[in-house]
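Examining the three-dimensional arrangement
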Amino acid sequence: MRNSPHWQGVFPAITTQFKQDQSLDLDATARHAEALLESGVAGIISLGSLGENQALRPDEKRRLLEAMVKVVNGRVPVLSGVAESSTEEASRYVREAEGIGADGFMLMPAMLYRGDPRETLEHFRSTAKATGLPIMIYNNPISYANDITPEMFAELAEVKNFVALKESSGNTRRITDLRNLVGDRYAIFTGVDDLILESAVLGIDGWVAGSGIAFPAENQYFWELTRAGEWEKARAVYRWFTPLLHLDVHAKFVQYIKLAVQECGLGSEWVRAPRLPLIGAERKQVLKIIHDGMAQRPKREPIETTSRRHVQAPPSLVTYHEP
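The structure presented is a predicted model; accordingly, all values stated were derived computationally and were not measured.

In terms of regular secondary structure, the protein chain is built from 12 helices and 10 strands. For 323 residues, the compact-globule formula gives about 20 Å, and the C-alpha radius of gyration of the protein chain, at 19 Å, lands near that figure. With the principal axes as the frame, the protein chain shows a C-alpha extent of 55 × 55 × 35 Å. Looking at the protein chain as a whole, 55% of its 323 residues are labelled buried. Sequence separation of 24 or more characterises 71% of the internal contacts of the protein chain that already satisfy a separation of 6 or more. For the protein chain, the exposed surface amounts to about 14,100 Å²; the carbon and sulfur share of it is 51%. Taken as two groups, the 37 positive and 41 negative side-chain charges of the protein chain have centres that lie 1 Å from each other.

Below, the discussion takes up the environment of E122. The topology assignment puts E122 in helix α4 (residues 117-129). Sequence separation of E122 and V249 is 127 residues, and the distance between their C-alpha atoms is 29 Å.

Hydrogen bonds between backbone groups are what pair the strands of a sheet, and the pairing can be parallel or antiparallel. Pairing is parallel in the open sheet, where eight strands are placed in the order β1-β8-β7-β6-β5-β4-β3-β2. Two strands close off the open sheet at either side, each with one partner strand: β1 (9-10) and β2 (44-46). Pairing between β2 and strand β3 (residues 78-82): three bridges, direction parallel. Bridge pairing in β3 places I44 opposite V78.

With that settled, consider the pairing of β3. Burial runs high along β3: five of the five residues are buried. With burial as the criterion, each face of β3 is covered, one bearing V78, S80 and V82 and the other bearing L79 and G81. Between the parallel elements β2 and β3, the chain passes through helix α2 (residues 58-72) in a crossover that is right-handed. Relative to strand β4 (residues 104-107), β3 is paired through four bridges, and the arrangement is parallel. Along β4, the bridge assignment pairs L79 with G104. Handedness of the crossover joining β3 and β4 through helix α3 (residues 87-100) is recorded here as right-handed.

A few words on the packing of helix α11 (residues 253-263) against helix α12 (residues 280-295). Across the interface, α11 lies against α12 with an axial gap of 10 Å and an inter-helix angle of 50 degrees. For the element pair α11 / α12, the angle class is oblique. Here α11 and α12 pass one another in a crossing that is right-handed. Residues Y256, L259, A260, Q262 and E263 of α11 form the contact with α12, whose own contacting residues are E282, R283, V286, L287, I290, H291 and M294. Looking at the contact of α11 with α12 residue by residue, the class counts come to seven nonpolar, two polar and three charged.

Time to look at the layout of surface pockets. Approximately 610 Å³ is the volume attributed to the largest pocket. In terms of lining residues, the largest pocket is bounded by 31 residues, among which S49, Y138, N140, S143 and F253 are the most central. By residue number, the principal contributor to the lining of the largest pocket is helix α5 (residues 141-144), which donates three residues. When its residues are assigned to classes, the lining of the largest pocket shows 15 nonpolar, 11 polar and five charged.

Turning next to the nonpolar core. Soluble globular proteins: nonpolar side chains tend toward being buried together. With 99 residues, the main nonpolar core has I44, M136, F162 and W207 as its most contacted residues. Apart from residues lying up to four places away in sequence, I44 is in contact with F11, P12, I14, A33, L37, M68, V72, V76, P77, V78 and L79.

Moving on, we get to empty space enclosed by the protein. Tallied over the entire structure, the rule returns two cavities of 30 Å³ or more. Counted as a void, the largest cavity has a volume near 60 Å³. Each residue belonging to the lining of the largest cavity can be placed in one class, and the counts come to three nonpolar, six polar and one charged. Put simply, the second largest cavity is a space of about 40 Å³. Around the second largest cavity, the lining residues are V10, P12, L36, S39, V41, A209, G212, I213, P216, N219 and Q220. Looking at the lining of the second largest cavity, the elements that each hand over two or more residues are α1 (26-39) and α9 (216-228). It is α9 that provides the largest number of residues to the lining of the second largest cavity, a total of three residues. Class assignment of the residues belonging to the lining of the second largest cavity gives a composition of seven nonpolar, four polar and no charged.

Along the chain, S49 falls in the loop between β2 and α2. In contact with S49, other than residues within four places in its own chain, are M108, Y138, Y144, F253 and V254.

Because an α-helix completes one turn every 3.6 residues, residues spaced three or four positions apart along the sequence face the same direction. In a regular helix each residue adds 1.5 Å, so 14 residues correspond to 20 Å; α1 covers 20 Å between its end C-alpha atoms and thus fits that length. Where the residues of α1 are buried, they touch β2, α2, α9 and α11. Just downstream of α1 lies G40, where phi reads positive at about 105 degrees.

Criteria and thresholds
- Residues numbered from 1 in each chain as written.
- Predicted model: local features only at pLDDT ≥ 70, side-chain atom pairs only at ≥ 80, totals over all residues.
- Heavy atoms only, no water.
- Helix = DSSP H or I, 4+ residues; strand = E, 2+ residues; numbered from the N terminus.
- Rg over C-alpha atoms; globule rule 2.2 N^0.38 Å.
- Buried < 20%, exposed > 50% of the residue type's maximum accessible area, 1.4 Å probe, protein only.
- Contact = heavy atoms within 4.5 Å.
- Areas by Shrake-Rupley, 256 points an atom, 1.4 Å probe, with all protein chains shown as cover.
- Lys, Arg positive; Asp, Glu negative; His and termini not counted.
- Charge placed at Lys NZ, Arg CZ, Asp CG, Glu CD.
- Pairing = 2+ DSSP bridges.
- Right-handed = clockwise from strand over helix to strand, strands pointing away.
- Axes fitted to C-alpha atoms, helices over the stretch in contact; angles between N-to-C directions.
- Parallel < 35°, antiparallel > 145°, perpendicular 65-115°, else oblique.
- Left-handed = near helix turned anticlockwise from the far one by under 90°.
- Nonpolar A, V, L, I, M, F, W, Y, C, P; charged D, E, K, R; others polar.
- 1 Å grid on protein atoms, 1.4 Å probe; cavity = no way out; pocket = protein on both sides within 12 Å on 5 of 7 lines; lining within 4 Å.
- Points joined across faces, edges and corners; volume = space filled by probe spheres on them.
- Core = buried A, V, L, I, M, F, W, Y, C linked by side-chain atoms within 4.5 Å.
- Expected span 1.5 Å × (residues − 1).

Shown next, in the form of structure tokens:
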């Protein structure tokens, strides 16, 4: 029998909410966290790429993490992204974040430098030594130019507090390659929204959701359908969801998703420079995708999972509202 992974389920990457003057809006961030918690998420990841980690000052990161730990109050694990540019700073940050009350980390390769495999592995090992908390390793070679291969994950398997992988290479073959090479050593999460159904079929433990933070109830419902093996219903929801999920894989994914969060009444679109809010034809195009998604939200029905756990939802078939 397979052991239960350390983490599993939907771990949304929450945005960092700002006021129009680009100062932190901790109250708005807390309200969004509450909405995510109410949807049934299994964890929350603060200060990831979607959380604009690298645009924040060190003191702001700490204030934000303190606020997240306070609002979540132990209901689910709170993970912090670690995106420092040096191993020393990454190690310092995880020590401080552990003291603040984080439950774990999502560790990225050192930013601003494309390390070779030896350097990347040493960065991960050294940072892990600075904390006793569990760590999810984030592999996103498309954005961060460092590819952590299945063979490299096998080398890291000896580090006990590496418990999960966020596989965002965009190559779903990696999921099976990882299972064949390291078995169930790590919980495997996908971080590519518009490959979530394909990844779920191949056997993952969790999803670091992006676009779905604007549609938390539907996002959780879709995930529960995959857990229950309700593939026909999952495909129907996925067809509705896919245009929204595509927003997660664009260079301006932060602006796109924050705009969706705003339109759904869960926050604001304000971002920190050099990012700027969307304008013109691009804004109209993204708004159309968002508004179409809002108008055609799928209805939800109760799900009987294979574990016989009853998931509550309004009693109706998965159908679409006409705009």
